[in-house]
Amino acid sequence: MNALKMNGPEESTALRRKVPSKSLLLAVCAAGIGGTFQYGYNISIINSPTKAVQNFINQTWTERYNTEISTQVLTLLWSTIVSIFTLGGLVGASVGGTLAIRFGRKGTLLFNNVFALLAALFMGLSYPSNTFELLIIGRFLTGVNAGIGICVQPLYIGEIAPRALRGAMAMGTSIFITGGILTGQVIGLNELLGKEEYWPILLSTVCIPAIMQLLTLPWFPESPRYLLIDRGDDVACKKALMWFHGQDKYHGEKEDMERERDSAIGIKPKKPWELFSDTSLRWQLLTLFVIHTSQQLNGINAIYFYADYVFTQAGIPADKIPYATVGTGACECITALTCGLLIESLGRRALIIGGYSLMSVCCVCFTIALTFQESSPWVPYLSMICVFAFILSFGLGPGGVTNILTTELFIQTDRPAAYMIGGSINWISFFFIGMIFPFIVNGLKQYCFLVFLVICCLVATYIFFVVPETKNKTFLEIQSEFHSRKKLIAVNGTEGPLLSTPL
C-alpha cells in the first residue's frame, strides 16, 4: 500500500505538472489572439452591418450607373462578400502547413498578420473611396488569415504544451474561436459599433488582434519540437523548453522529442498527397475526414439559423434579440472553458462521444419542439432550452476536441500536412453547408434536424469503435496504437474496434 503512495516532493512535482507555467499560458494567449480569435471574430462581425453595407452598395451603384441596383445583383454581391471568406480560408489552410515548415510555427503566425492588416486597410477604405469591391478583397484576405491561423496556431500550441497538459492547452484554440465570436457579437451591438455609420470602423477592427499579436508573440520562443526535429537545433530547443516549462521540469519532454526525432531520422516533412499514399496512415486520415466534416455538418449552423425564430416565438422583443444572440456566444465560450478544465480528467473520447450523443438527443427534442411550437405557450421555452443545450453539447464535444485530435493523431513529419488536409476539409464543408443549407431548411423545415441526428449518431459510433484515447500519451505511442490495429486486421482478417484503452 505504501508503494502506491507518493511522498511529499513527488506529489508536489506531479501537481506542478498539472498546472501550466505562466510563460506557457501567456504564449497560448499571444498565439491565440491573432490566430483562431480572428476566425471566430470574422465569422460573427459580418452579421451586424448587413443592412448598412447593402445600403452602401446600393448607393455606390446608383452613383456609378445612375440607376438603382436590382435585388438579385445586390443579393449576389452581398453573398459574395460573406462567402468569399470561406474561399480565402481554403487558400490559407492549403498553404498554412507549408509555411509552418518553411518559416516555423511562430514565424508563420507573425507573417499571417500581414493579411489581417491589409484586409483592415481595404475594408476601411471602401467607404471613403466608394468602392465596394474592396470589401470583397478584404473579406478574402481575412479568410486567408483565418485559414492560416486555424491551421498553424493549434500546431504551435500542441507542440509547446507538455504531454500532461496537451489537451487543456490545445483547448486554447476553441476558447479563442468562441471568444472571437462573442467579441464580434458584443462589438456589433448598437451601443458600440453596430450603428449604421460605424460599419467601416467595425470591419476594420480586424487589425487590432493582429497588432496585439505582433507586439506580444515575438517575445516567446519558437516551438521546441520544431526546433529539434525539423531544424536540428538542440541548443535552441533546450532554451525554448526551459522558457516554457522551467529549468527543472523540461527533461521528460526533451526525452520524448528525442525519441520522436530518432524515429524520424532521414524522413522529411511530408506533403498532403504523400499522406494519402501512406497506407499506415489510413485510419488516421479517415478519422481526420470524419471529425472535420462532421464539425460543420452536425447541425450547429442550423441551431444558429433557427435561434432568432425561437427567441421571437418565446416573446423576446425584436430589438432585444441581438442580446439573446450574445447569450448563445457566451454560452459557447463558457463551455469551451469548461471543456478545457475537464479534458485531462475525462479524456478526449468521453467528451467527443458524449458531445455527439447529447447533440443527438437535442436534435430529437428540438424537432418535436419546433413541430408543436404553437400548440402550447410553454413549448417555445423548451425550444430555447434545446438551443442552449445543443450549443453546450457542441462546445463540450466536437467544438473543443476536434483540433486536439488532429494534433495528436500524427507525428511531427506528418502533422503540418495533416493540418492542411483537415483545414481544407473544414473550409470545404463550411462552404458546402452554406450552399445547401437553405435548400435543406426550405425542403425539410424543422425535420432537417433528423438529418443532423443521423450524422451525430454515426460519428459517435465511429469514434467509439475506431479512435483510441490519446490522453497523456506520446505521439509515438498513439501512432503505435493505430499500427497495432492494422496488424490485428492483417492477422485476423476482420476489423475489430480499437479499444485498447478505456474511456
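Residues numbered from 1 in each chain as written. Predicted model: local features only at pLDDT ≥ 70, side-chain atom pairs only at ≥ 80, totals over all residues. Heavy atoms only, no water.

**Remarks on the domain arrangement of the chain**
Domain boundaries in the chain define domain 1 (20–220) and domain 2 (269–482). Domain 1 and domain 2 are separated by 22 Å when their C-alpha centres are compared. Across the boundary between the two partners, domain 1 contributes 38 residues, which contact 41 residues of domain 2. Carbon and sulfur atoms make up 68% of the surface buried where domain 1 meets domain 2, a total of about 3,400 Å² over both sides. Looking only at domain 1, the three residues that lose the most surface to domain 2 are R163, R166 and M171, adding up to 18% of its buried area. For the interface between domain 1 and domain 2, the tally reads 2 salt bridges. Taking the shortest distance from any N to any O, the salt bridge between R166 and E408 comes out at 2.9 Å. In this structure, the connection of domain 1 to domain 2 is made through 7 residue pairs in polar contact (both at pLDDT 80 or more). Elements represented by at least two residues in the side of domain 1 that touches domain 2 include exactly α3 (36–45), α5 (71–103), α7 (133–160), α8 (166–170) and α9 (172–187). For the side of domain 1 that touches domain 2, the class distribution of residues is 20 nonpolar, 13 polar and 5 charged. (Domains from an automatic or database assignment. Contact = heavy atoms within 4.5 Å. Buried area = accessible area lost by both parts, 1.4 Å probe. Salt bridge = Lys/Arg side-chain N within 4 Å of Asp/Glu carboxyl O. Polar contact = N/O pair within 3.5 Å; in protein donor to acceptor, adjacent residues only side chain to side chain. Helix = DSSP H or I, 4+ residues; strand = E, 2+ residues; numbered from the N terminus. Nonpolar A, V, L, I, M, F, W, Y, C, P; charged D, E, K, R; others polar.)

**Looking at the pattern of salt bridges**
Think of it this way: side chains of opposite charge can pair up when their charged atoms draw near. Within this structure, the stated rule accounts for 11 salt bridges. A salt bridge links E133 to R64; the nearest nitrogen and oxygen atoms lie 2.9 Å apart. Residue E133 is located in helix α7, and its partner R64 is located in helix α4 (residues 50–65); the two are separated by 69 residues in the primary sequence. E133 gets classed as partly exposed once you look at its relative accessible area, which sits at 29%. We classify R64 as partly exposed; its relative accessible area is 35%. In this structure, R105 engages E159 in a salt bridge whose closest nitrogen and oxygen atoms are separated by 2.9 Å. Highlighted residues: R105 in helix α6 (residues 105–126) and E159 in helix α7, separated in sequence by 54 residues. Counted as one network, the salt bridges with shared partners bring together R105, E159 and R415. (Buried < 20%, exposed > 50% of the residue type's maximum accessible area, 1.4 Å probe, protein only.)

**Re the packing of α9 against helix α18 (residues 321–346)**
Where α9 meets α18, the closest approach of the two axes is 8 Å, and the angle between their N-to-C directions is 160 degrees. Comparing the axis directions of α9 and α18 gives the class roughly antiparallel. In the packing of α9 onto α18, the handedness of the crossing is left-handed. Within the contact between the two elements, α9 uses S174, I175, T178, G179, L182, Q185 and V186 and α18 uses T325, V326, T328, G329, A330, E332, C333, A336 and L337. (Axes fitted to C-alpha atoms, helices over the stretch in contact; angles between N-to-C directions. Parallel < 35°, antiparallel > 145°, perpendicular 65-115°, else oblique. Left-handed = near helix turned anticlockwise from the far one by under 90°.)

**Considerations on unusual backbone geometry**
Despite not being glycine, N66 shows a phi value in the positive range, around 55 degrees. Take N66: it is sitting in the loop between α4 and α5. Phi is positive for N472, close to 60 degrees, though the residue is something other than glycine. Positionally, N472 belongs in the loop between α23 (448–466) and α24 (475–492). In this structure N472 comes out as partly exposed when scored by relative accessible area, which is 40%.

**A short note on the packing of aromatic side chains**
What characterises a pair of aromatic rings is the spacing of the ring centres plus the angle enclosed by the ring planes. For the structure shown, the criterion picks out 14 aromatic pairs. Judged by centre distance (5.7 Å) and plane angle (85 degrees), the ring pair of F111 and F115 falls under edge-to-face. With F111 and F115 both in helix α6, this residue pair falls 4 residues apart, about one helical turn. Classification of F111 as partly exposed rests on a relative accessible area of 41%. (Phe/Tyr/Trp six-rings, centres within 6.5 Å; stacked < 30°, edge-to-face > 60°.)

**Quick word on the side chain of T406**
Here T406 is to be found in helix α21 (residues 398–408). Residue T406 is classed as buried on the basis of its relative accessible area of 0%. A distance of 3.1 Å separates a polar atom in the side chain of T406 from the backbone oxygen of T402.

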